[in-house]
Amino acid sequence: MNRICRVATVVLTLIVCNSFIFGQQPKWHARLLRIVALDSTKSEVETVFKDLLVKRSFVENDTNVVLYETADGKLSAVYTNEDCSPGGPRANVPKYTLLDLIFFPKQKLPLSTFDIDLDDFTEVDDPHDPGSEYVSARLGITYSVQSNRVIFVRISPKSIDALIKCR
């Protein structure tokens, strides 16, 4: 009887531990949710993702594009290159402020892994693309999904951010 109790305790412990380990969102997703387009700076993005390795950096259309690599995937970030630059997106934000970010995880996880309320999102199907995108203009986040696996997550300006454009 004592042995049965020990086996039951071990099984219950494994079940509880697995639910904590496998039921959690990936760390990269929690990090992404700390980043806000038109608010976060380049240094803040690089602090949130501590293991970033810059693979390439270039200027395009008055923006600074930086391609990073992390242990969890690849990241593409677009920053302002000037305050209210005439040829760029014309956001009234300081230089090196994040305009747009896309994260491509190495491990393609099911959408259900992420603790998101799909009521906040609109599902958009593209007839030229085999997947779907779940877009929340209010939150400024998009999940691109193929075969129920998240291919990339995009952080972009929120719908309310249209109010901070340069005049």
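Structure: see above.
**Some remarks on the packing of aromatic side chains**
Phase 1: Under the counting rule described, the total for this entry stands at 6 aromatic pairs.
Phase 2: Look at Phe49 and Phe103: their rings are 5.9 Å apart centre to centre, the planes differ by 20°, and that puts the pair in the stacked class. Of this pair, Phe49 sits in the loop between helix H3 (42-48) and strand E1 (53-60) while Phe103 sits in strand E4 (residues 98-105), and the two are 54 residues apart along the sequence.
Phase 3: Take Phe103: its relative accessible area is 0%, and that puts it in the buried class.
Phase 4: Ring plane angle 65° and centroid distance 5.6 Å describe the contact between Phe121 and Tyr143, whose orientation is recorded as edge-to-face. One end of the pair, Phe121, is in the loop between E4 and strand E5 (122-125); the other, Tyr143, is in strand E7 (residues 141-146), with 22 residues separating them in the sequence.
Phase 5: Through pairs of rings, three or more aromatic residues link up here, namely Trp28, Phe49, Phe103, Phe114, Phe121 and Tyr143.

**Remarks on unusual backbone geometry**
Phase 1: One non-glycine residue, Tyr96, lies in the positive phi region at around 65°.
Phase 2: The topology assignment puts Tyr96 in the loop between strand E3 (73-80) and E4.
Phase 3: If you check the backbone angles, Ser147 has positive phi at about 50° while not being a glycine.
Phase 4: Along the chain, Ser147 turns up in the loop between E7 and strand E8 (149-155).

**Some details on the environment of Val150**
Phase 1: Tracing the backbone through its elements, the reader meets Val150 in strand E8.
Phase 2: Given the relative accessible area of 0%, Val150 is considered buried.
Phase 3: It is 6.0 Å that separates the C-alpha atoms of Val150 and Pro110, two residues lying 40 residues apart in sequence.
Phase 4: Not counting chain neighbours up to four residues away, the residues in contact with Val150 comprise Pro105, Lys108, Leu109, Pro110, Leu111, Phe114, Tyr143, Ser144 and Val145.

**Some words on the sheet that holds E1**
Phase 1: In spatial order, the strands read E1-E2-E3-E4-E8-E7-E6-E5; together these 8 strands make up an open sheet with antiparallel pairing. Single-partner strands in this sheet number two, and they are E1 and E5. The mean angle between the axes of side-by-side strands here comes to 15°, regardless of whether they run parallel or antiparallel.
Phase 2: As paired elements, E3 and E4 share 7 bridges and run antiparallel to each other. Its bridge partner being in E4, Gly73 is matched across the sheet by Pro105.

**Observations concerning the pairing of E4**
Phase 1: Burial of E4 is extensive: 7 of the 8 residues sit out of reach of the surface.
Phase 2: As paired elements, E4 and E8 share 3 bridges and run antiparallel to each other. Bridging across to E8, Phe103 finds its partner in Val153.

**Some details on the environment of Arg31**
Phase 1: Its place among the elements puts Arg31 in helix H2 (residues 27-32).
Phase 2: The sequence separation of Arg31 and Val45 amounts to 14 residues, and the corresponding C-alpha distance is 9.1 Å.
Phase 3: Each residue touching Arg31, except ones within four places of it in the same chain, is listed here: Val48, Phe49 and Asp72.

**Notes on the nonpolar core**
Phase 1: Counting 27 residues, the largest nonpolar core has Leu32, Phe49, Leu75, Leu101 and Tyr143 as its most contacted members.
Phase 2: Every element with two or more residues in this core is listed here: H2, H3, strand E2 (63-69), E3, E4, E7 and E8.
Phase 3: Not counting the four nearest positions on each side in its chain, Leu101 is found in contact with Leu32, Ile35, Val45, Leu75, Ser76, Ala77, Val153, Arg154 and Ile155.
Phase 4: Grouped together as the second largest cluster of nonpolar side chains are 6 residues, Leu38, Val78, Ala91 and Leu99 included.

The rules behind the values
- Residues numbered from 1 in each chain as written.
- Predicted model: local features only at pLDDT ≥ 70, side-chain atom pairs only at ≥ 80, totals over all residues.
- Heavy atoms only, no water.
- Phe/Tyr/Trp six-rings, centres within 6.5 Å; stacked < 30°, edge-to-face > 60°.
- Helix = DSSP H or I, 4+ residues; strand = E, 2+ residues; numbered from the N terminus.
- Buried < 20%, exposed > 50% of the residue type's maximum accessible area, 1.4 Å probe, protein only.
- Contact = heavy atoms within 4.5 Å.
- Pairing = 2+ DSSP bridges.
- Axes fitted to C-alpha atoms, helices over the stretch in contact; angles between N-to-C directions.
- Core = buried A, V, L, I, M, F, W, Y, C linked by side-chain atoms within 4.5 Å.

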